[in-house]
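# Observations on chain architecture
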Amino acid sequence: AQTVTQSQPEMSVQEAETVTLSCTYDTSESDYYLFWYKQPPSRQMILVIRQEAYKQQNATENRFSVNFQKAAKSFSLKISDSQLGDAAMYFCALGTQGAQKLVFGQGTRLTINP
Amino acid sequence: GAGVSQSPRYKVAKRGQDVALRCDPISGHVSLFWYQQALGQGPEFLTYFQNEAQLDKSGLPSDRFFAERPEGSVSTLKIQRTQQEDSAVYLCASSPMGAQSGIQYFGAGTRLSVL
C-alpha cells in the first residue's frame, strides 16, 4: 500500500521570502512518480512540479524546486521569491505505474503575508 | 475542450435522493479517474477507467456508488440514496494513454452537499 504524509497543516511566509513544504511517502514499488499539486479556492488542482523516482536530479520549475531524498522517502517543495498568487492548499501525491491512481497527502495550507 | 470539465459545479441533494455527476475529459485522453475530497482533506481515489473499461473500482465506498464511461469519453458518477457522509467535492481527472509521466489533469470538481 502507498501512503503520503504531510505533517504541516499550515505554513505562512512573507512575500518574496522562501518557504519549504514537507512530504514523506511510503511505497514498495520501484517505479513511481511524485507530484506537488496546488489547489486554490477555485478547487482546480494545478500541477506544480513532478519528479520521477529513477532520476537523481531534483526537479525545478522556475521558482519551484524539490528536494528528493529517495532513501529517506522524503519529497519537499521549496518555493522561492514567494508571491501572493502562491497562496493555496498544496498537496503532495504519489503515483505508480502499476496502480495508476494517485495517493495524496492531507495538504498544507500556505499563506503569503504581504 | 481545453481542459477537464465537470458539471454541475454545485449540487444540493436531500438525503435519500439519487445524484449524477458528469465529467468531460480532455479530448483524446484514454484514462479517467474519480476522486472524493472531504472538507480539509486530500483527494481519495474512487475509480479508474481506461477507455470504457473500468479497471479499478476499489475506492468506491459502497454499492451506492456507481460509475460509467460507456463510449470511452464522458463519464458519470452516480450516487444512489445519498447520505450526509457523501457530502464532499468530487474531482475528475484524465490522462493520455501511455503517458509515462503519470500526470493527471483535473477538473474543478462538483461540490455535493447532502442535507
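Scroll up to find the structure this text is about.
Throughout what follows, the structure given in this document is the object of discussion. (Residues numbered from 1 in each chain as written. Chains lettered and ligands numbered in written order. Predicted model: local features only at pLDDT ≥ 70, side-chain atom pairs only at ≥ 80, totals over all residues. Heavy atoms only, no water.)

## Focus: the overall build of chain A
The cut-off we apply is this: Numbering of helices and strands runs from the N terminus; a helix is a DSSP stretch of H or I covering at least four residues, while a strand is a stretch of E covering at least two. Only C-alpha atoms enter the radius of gyration, while the globule expectation follows 2.2 Å times N to the 0.38, with N the number of residues. Exposure is judged per residue with a 1.4 Å probe applied to protein chains only, and the accessible area is read against the type maximum: over 50% gives exposed, under 20% gives buried, and values in between give partly exposed. By definition, residues are in contact when any of their heavy atoms lie within 4.5 Å. Only the protein chains shown count as covering a residue, and every accessible area follows the Shrake-Rupley method with a 1.4 Å probe.
When helices and strands are counted, chain A shows zero helices and twelve strands. Against the globule reference of 13 Å for 114 residues, chain A gives a C-alpha radius of gyration of 14 Å, in line with a compact fold. Based on the C-alpha atoms only, the size of chain A along its principal axes is roughly 45 × 30 × 20 Å. When burial is assessed residue by residue, chain A has 48% of its 114 residues classed as buried. A fraction of 55% describes how many contacts in chain A between residues 6 or more apart in sequence connect residues 24 or more apart. Looking at chain A as shown, the accessible area adds up to about 5500 Å², and 44% of this sits on carbon and sulfur atoms.

## Overview of the side chain of B:Thr110
So the rule is basically this: In protein, a polar contact means a hydrogen-donor-capable atom and an acceptor-capable atom, both N or O and within 3.5 Å, with residues adjacent in sequence counting only if both atoms are side-chain atoms; elsewhere, any N or O pair within 3.5 Å suffices.
If you trace the backbone, B:Thr110 turns up in strand E11 (residues 110–114). Among the polar contacts listed, one links the side chain of B:Thr110 to the backbone oxygen of B:Pro8, at a separation of 2.5 Å. Not counting chain neighbours up to four residues away, the residues in contact with B:Thr110 comprise A:Arg43, B:Gln6, B:Ser7, B:Pro8, B:Arg9, B:Lys11, B:Leu21, B:Ala88, B:Val89 and B:Tyr90.

## Remarks on the interface of chain A and chain B
Here is the rule we go by: Note: buried area is the sum, over both parts, of the accessible area (probe 1.4 Å) each one loses when the two are combined. Salt-bridge detection follows one rule: a side-chain nitrogen of Lys or Arg within 4 Å of a carboxyl oxygen of Asp or Glu. Residue classes follow a fixed rule: Ala, Val, Leu, Ile, Met, Phe, Trp, Tyr, Cys and Pro count as nonpolar, while Asp, Glu, Lys and Arg count as charged, and any other residue, Gly among them, counts as polar.
Listed as interface residues are 19 residues of chain A and, on the opposing side, 25 residues of chain B. Across the chain A/chain B interface, buried area totals approximately 1800 Å², and carbon plus sulfur atoms make up 50% of it. Among the residues chain A hides against chain B, the three largest losses belong to A:Arg43, A:Gln100 and A:Lys101. Together they make up 34% of the total. At the junction of chain A with chain B, the criterion picks out zero salt bridges. Here chain A and chain B share nine residue pairs in polar contact (both at pLDDT 80 or more) between them. Per element, the largest residue contribution to the side of chain A that touches chain B is four residues, and it comes from strand E5 (residues 32–39) of chain A. When its residues are assigned to classes, the side of chain A that touches chain B shows eight nonpolar, seven polar and four charged.

These figures come from the coordinates and say nothing about function on their own.
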